[in-house]
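# Working through the structure, step by step
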Amino acid sequence: MDLTFLLQDLLSPAGTQLPASTPTLITYHLSSCPLPVLPQLVHYLAISPSLWSNNSTLDFSLARDMFSSTRDGVLHRANSITTALDSHGWRARRQYAQFIDAYFKAVELSGTRADVRLVMASAALAALQVIKAGKEKLFVGGSALMGRAEKEVLLAWEDWLESTGGGKGVANEDDFLPTWLATQTLPQFTISTLSSGPLSSLLPHLTHSLSSAFTHGNLFTTPSLAASLSTTPEGLHWAVSSESHTHLTTLITTPLFLSLGPLSRSIGRCIEASQSSSTSPETTVETLRATLSTLENLSSLIRSGWASTPWSDASDSSLSPSTLSQTAPWTALKSLLFAITLIHSSLLVVLTPQGDAEPTAVQRELAGQALRILSETYFVTIKFGVDGFGAWKGVYVGFLEIRREGGVEEVERFMRNIRPERIGVLHEREVERSTATFYLNTAESLMKELSNEYVEEQVLQCCKPYFESSTHRDTFEAAHSVLLAIFSNEKKCANDIAPWYTSLLLKAYPTLMSTSQLRLAFTTLIRCVSNSDDALAWYLILQIIAALEVLPTSSSPPPTPSSSEIDASLAADHQTATAPKRDFDDHPTRLDEAAHLSPLETTVLALPRGHLLLTLIDQSSSVNLVLLRSLLEKVWELVKGEGDKDAREALVRVVFGVLGEGLDSTKREEGVRWWMERGEELAPAL
């Protein structure tokens, strides 16, 4: 193919309709033209009036096509060289480096506009990244190839950002080109090289672009989604002909929205590079603050916008069939969550102290800001479960570990920043309730750092409406987990509320709690009280015994449970069995992490008193030595009261297991002594 015809087309006046074969010809000639001719071809590509209009912004579709054809040409050039030399060694690499050098020199000498330079530099780098990702035999690393291309791209970015006053993000689809180019190369950029780039301008531009993908938070308000919803006999209906429907369904198909994944990774890459940036530490911190502020403002506006619609409180069953099939709002919300999680993963890398170092004040501040963003979007996260998904849980726990430092006053200031607007009331709106759930889960994790006064005046007040109603299961379990954390950390109010909580727990089974949850709650409660007041611990145990003694033994005709009690118990045990697990500490306080039941324990649960017998036996590991023998004697008295021989055997085996593995060194000797004294009575059961 004659290069002359392509050059003539490239020099055609602006507005000329180029042949459909032009992109293919560009790829072909870049991959095959003699090296002395390459500078002329690249020069004509860079200044072509027919390719690059005189408008302030380039045509996105045409520029994207030129990027692809140029990238493919640079990519195929490597294949041409290795094929001609029948080698991937030093000679091939040297020739390819000469090609790359000639290419970039021609772009620079052309004096082309900044956005065109960015297109051509990014295309060449993208080709090298494809070769590297494909693990080709041709080595493209080092300063002559990958290093050179990355530096040229950063220079092009610096040039473009300067020409646009720092880059103000996306104003319309045509402005999206530079951001799209970033998504093609920055996620694979070498951190050490990227750190020398114009991050203080580039990072705000990319973050602003991400905000633009969600119309800067006006996703559900302009036009109004609430105004497009109506109540019909079939359920809540979203009019397909409405402005909001057109707006949302169009938005999730735009190139900007479809690039959210690589855009988020690009932002994350820049955040990681900022750690070793050549700019001053103060500038870096301000850039990170601005990035998080943009994300926080975006998340807050989207949360408010979604909460303003009836859809935010509607279950699937309350939506009309046609509305139920509409996924645009959920697609937008989960895309926001995934983008934030990706960015937060990189931020966590930057904020995590090295080695045994303590987090600095700046690290704690930024971690708190990151957690506020997670709080604002928790109404989306909770759809995946209380702990979201793996990556979300990782960043949440990581930021909590940073934020828990700095002293009580600092931690409580952070807690006030994520507290729901109203406390002491049952939050009927789902979005507001999710904020309460996030607050309680965070309070549970940071309980050790919170003052007694704050716990009593703020945290407990937020919990109270949810203690005796499992209608909102996630918040119910969060509230009870907070109480277990209060006992586990032996807060001042623990002993005062212990009798009340004992009564509450005894009423909670089986409609509100499963057996495993009941046992976890009582074990945590008795262990805490035993550390300060043995008399109170024994009083609480007597409450369990009193509740147990009013129930029939296995030899008595058991009362027939109602169908609602059966359903509630089964549902509670199912939720416990399927709850996600986490291991934050040795004594878990999360109600959704109650242990699974063993086959032996399942047998005991068939007894009318089985759940309380297991709970009572558990307390052998919780009480102090002074109460151990009294407790074991009472347990044995109750076990003997069971008329069913198989039931007695199962209970004795459970007791044996606790004495063998559940007691600490201070009580094990006494436990063995008691067992030996009762040997003749106990042995037949084994």
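Residues numbered from 1 in each chain as written. Predicted model: local features only at pLDDT ≥ 70, side-chain atom pairs only at ≥ 80, totals over all residues. Heavy atoms only, no water.

## Brief notes about the overall build of the protein chain
From N to C terminus, the protein chain includes 33 helices and two strands. Relative to the compact-globule value of 26 Å for 686 residues, the protein chain shows a C-alpha radius of gyration of 33 Å, a clear excess of over 25%. Here the C-alpha coordinates of the protein chain stretch approximately 105 × 65 × 45 Å along the principal axes. Buried residues in the protein chain amount to 53% of all 686 residues. Residue pairs at least 24 apart in sequence account for 77% of intrachain contacts in the protein chain once pairs closer than 6 positions are excluded. Of the roughly 28,900 Å² that the protein chain leaves accessible, carbon and sulfur atoms contribute 53%. Taken as two groups, the 54 positive and 76 negative side-chain charges of the protein chain have centres that lie 4 Å from each other. (Helix = DSSP H or I, 4+ residues; strand = E, 2+ residues; numbered from the N terminus. Rg over C-alpha atoms; globule rule 2.2 N^0.38 Å. Buried < 20%, exposed > 50% of the residue type's maximum accessible area, 1.4 Å probe, protein only. Contact = heavy atoms within 4.5 Å. Areas by Shrake-Rupley, 256 points an atom, 1.4 Å probe, with all protein chains shown as cover. Lys, Arg positive; Asp, Glu negative; His and termini not counted. Charge placed at Lys NZ, Arg CZ, Asp CG, Glu CD.)

## Structural notes on the pairing of strand S2 (residues 235-238)
Summarising the sheet, strand S1 (residues 229-232) and S2 pair through four bridges and their orientation is antiparallel. Of the residues in S2, the one forming a bridge with Thr-231 is Leu-236. (Pairing = 2+ DSSP bridges.)

## Side note on the confidence of the model for the protein chain
Mean pLDDT over the protein chain stands at 91; residues scoring 70 or higher make up 92%. Segment residues 557-586: pLDDT under 50, and 44 contacts once partners within four positions in sequence are set aside and those in other chains are kept. (pLDDT = per-residue confidence, 0-100.)

## Side note on the packing of aromatic side chains
Scanning the entire structure with this criterion turns up 23 aromatic pairs. Arranged with centres 5.5 Å apart and planes meeting at 65°, the rings of Trp-238 and Trp-311 form a pair that is edge-to-face. Of the two residues, Trp-238 sits in strand S2 while Trp-311 sits in the loop between helix H14 (281-307) and helix H15 (321-324), which places them 73 residues apart along the sequence. When its relative accessible area of 1% is taken as the criterion, Trp-238 is described as buried. Seen from their ring centres, Trp-392 and Tyr-396 are 5.1 Å apart, and the 15° between their planes marks the pair as stacked. In this pair, Trp-392 and Tyr-396 are both assigned in helix H19 (residues 390-403), four residues apart and thus about one turn of the helix distant. Judged by relative accessible area, which is 1%, Trp-392 ranks as buried. Cluster of aromatic residues (ring-pair linked, three or more members): Phe-60, Phe-67, Phe-176 and Trp-180. (Phe/Tyr/Trp six-rings, centres within 6.5 Å; stacked < 30°, edge-to-face > 60°.)

## Considerations on the pattern of salt bridges
Counted by the stated rule, this structure contains 31 salt bridges. For Glu-152, the salt bridge is made with Arg-117, and the minimal N-O distance between the two is 4.0 Å. Of this pair, Glu-152 sits in helix H7 (residues 146-163) while Arg-117 sits in helix H6 (residues 114-133), placing them 35 residues apart in sequence. Judged on exposure class, the residue Glu-152 and its partner Arg-117 are both buried. Measuring nitrogen to oxygen at the nearest pair gives 2.3 Å for the salt bridge that ties Arg-678 to Glu-633. Of the two residues, Arg-678 sits in the loop between helix H32 (665-677) and helix H33 (679-682) while Glu-633 sits in helix H30 (residues 625-640), which places them 45 residues apart along the sequence. (Salt bridge = Lys/Arg side-chain N within 4 Å of Asp/Glu carboxyl O.)

## Things to note about helix H20 (residues 408-418)
Buried residues of H20: Glu-410, Val-411, Glu-412, Phe-414, Met-415 and Ile-418, and no others. Turning to H20, the residues buried within the fold contact helix H17 (361-376), H19, helix H21 (430-445) and helix H22 (452-463).

## Quick look at the environment of Gln-184
Examined against the element boundaries, Gln-184 turns out to sit in helix H8 (residues 177-185). Judged by its relative accessible area of 25%, Gln-184 falls in the partly exposed class. Note: C-alpha distance between Gln-184 and Ala-498 (314 residues apart in sequence) is 59 Å. Setting aside residues no more than four positions away along its own chain, Gln-184 makes contact with Phe-67 and Gln-129.

## A closer look at the packing of helix H10 (residues 199-213) against H14
The geometry of H10 relative to H14 is characterised by a closest axis approach of 10 Å and an angle of 5° between their N-to-C directions. Put simply, H10 runs roughly parallel to H14. Two secondary-structure elements touch here, H10 through Leu-199, Ser-200, Leu-203, Pro-204, Thr-207, Leu-210 and Ser-211 and H14 through Thr-283, Thr-287, Leu-288, Thr-291, Thr-294, Leu-295 and Leu-298. Per-class residue counts for the contact of H10 with H14 are seven nonpolar, seven polar and no charged. (Axes fitted to C-alpha atoms, helices over the stretch in contact; angles between N-to-C directions. Parallel < 35°, antiparallel > 145°, perpendicular 65-115°, else oblique. Nonpolar A, V, L, I, M, F, W, Y, C, P; charged D, E, K, R; others polar.)

## Topic: a nonpolar patch on the surface
A cluster of nonpolar side chains, contributed by Trp-330, Phe-338 and Phe-384, occupies part of the molecular surface with about 250 Å² of accessible area. Mapped onto the secondary structure, Trp-330 falls in helix H16 (residues 328-351). (Patch = residues over 30% accessible without salt bridge, like charges linked within 9 Å, V, L, I, M, F, W, Y side chains within 5 Å.)

## Remarks on the nonpolar core
Counting 213 residues, the largest nonpolar core has Tyr-96, Leu-210, Phe-214, Met-415, Ile-486 and Tyr-501 as the members making the most contacts within it. For this core, the element with the highest residue contribution is H6, accounting for 13 residues. Ignoring sequence-local partners within four residues, the contact set of Met-415 consists of Tyr-439, Thr-442, Ala-443, Leu-446, Leu-450 and Tyr-454. (Core = buried A, V, L, I, M, F, W, Y, C linked by side-chain atoms within 4.5 Å.)

## Observations regarding helix H26 (residues 534-549)
With 16 residues, H26 should reach 22 Å at 1.5 Å per residue; the first-to-last C-alpha distance of 22 Å fits that figure. Of the residues making up H26, those classed as buried are Leu-536, Ala-537, Leu-540, Ile-541, Ile-544, Ile-545 and Leu-548. Buried residues in H26 make contact with helix H24 (494-508), helix H25 (515-530), helix H29 (610-618) and H30. (Expected span 1.5 Å × (residues − 1).)

## Observations regarding the side chain of Thr-377
Summarising the element assignment, Thr-377 is placed in the loop between H17 and helix H18 (378-381). Taking the relative accessible area as the measure of exposure, Thr-377 reaches 1% and is therefore buried. At 3.4 Å, the side chain of Thr-377 and the backbone oxygen of Leu-374 are in polar contact. Excluding anything up to four places from it in sequence, Thr-377 contacts Ser-299, Leu-336, Leu-337 and Ile-340. (Polar contact = N/O pair within 3.5 Å; in protein donor to acceptor, adjacent residues only side chain to side chain.)

## Thoughts on unusual backbone geometry
In this model, Thr-222 is joined to Pro-223 through a cis peptide bond whose omega is 0°. Look at the link from Tyr-509 to Pro-510: it is a cis peptide, with omega at 5°. Of note, the phi angle at Asp-86 is positive, near 50°, even though the residue is not glycine. Take Asp-86: it is sitting in the loop between helix H4 (60-85) and helix H5 (90-110). The phi angle at Thr-215 is positive, at roughly 50°, despite the residue not being glycine. Mapped onto the elements, Thr-215 comes out in the loop between H10 and S1.

## Points about the packing of H21 against H22
Between H21 and H22, whose axes approach to 10 Å, the crossing angle comes to 140°. With respect to each other, H21 and H22 are oriented oblique. Viewed along their axes, H21 and H22 form a crossing whose handedness is left-handed. Contacts between H21 and H22 involve Ala-436, Tyr-439, Leu-440 and Ala-443 from the former and Tyr-454, Gln-458, Val-459, Cys-462 and Cys-463 from the latter. (Left-handed = near helix turned anticlockwise from the far one by under 90°.)

## Some thoughts on a negative patch on the surface
Judged by side-chain charge, Glu-453, Glu-456, Glu-457 and Asp-496 come together as a negatively charged surface patch. The leading source of residues in the negative patch is H22, at three residues.

## A closer look at the state of the cysteines
If you walk through the whole model with that rule in mind, you get zero disulfides. Not engaged in a disulfide, the cysteine Cys-462 finds its nearest cysteine sulfur in Cys-463; these two sulfurs lie 6.1 Å apart. In this model Cys-493 remains outside any disulfide bridge; the closest cysteine sulfur is found in Cys-528, 9.1 Å from its own. Overall, the relative accessible area of 5% leaves Cys-493 in the buried class. (Disulfide = S-S within 2.5 Å.)

## A few points about the environment of Gln-458
Tracing the chain through its elements places Gln-458 in helix H22. A sequence separation of 34 residues divides Gln-458 from Gly-424, and the C-alpha atoms of the two residues are 8.8 Å apart. Beyond its immediate chain neighbours, meaning those up to four positions away, Gln-458 contacts Arg-419, Ile-423 and Tyr-439.

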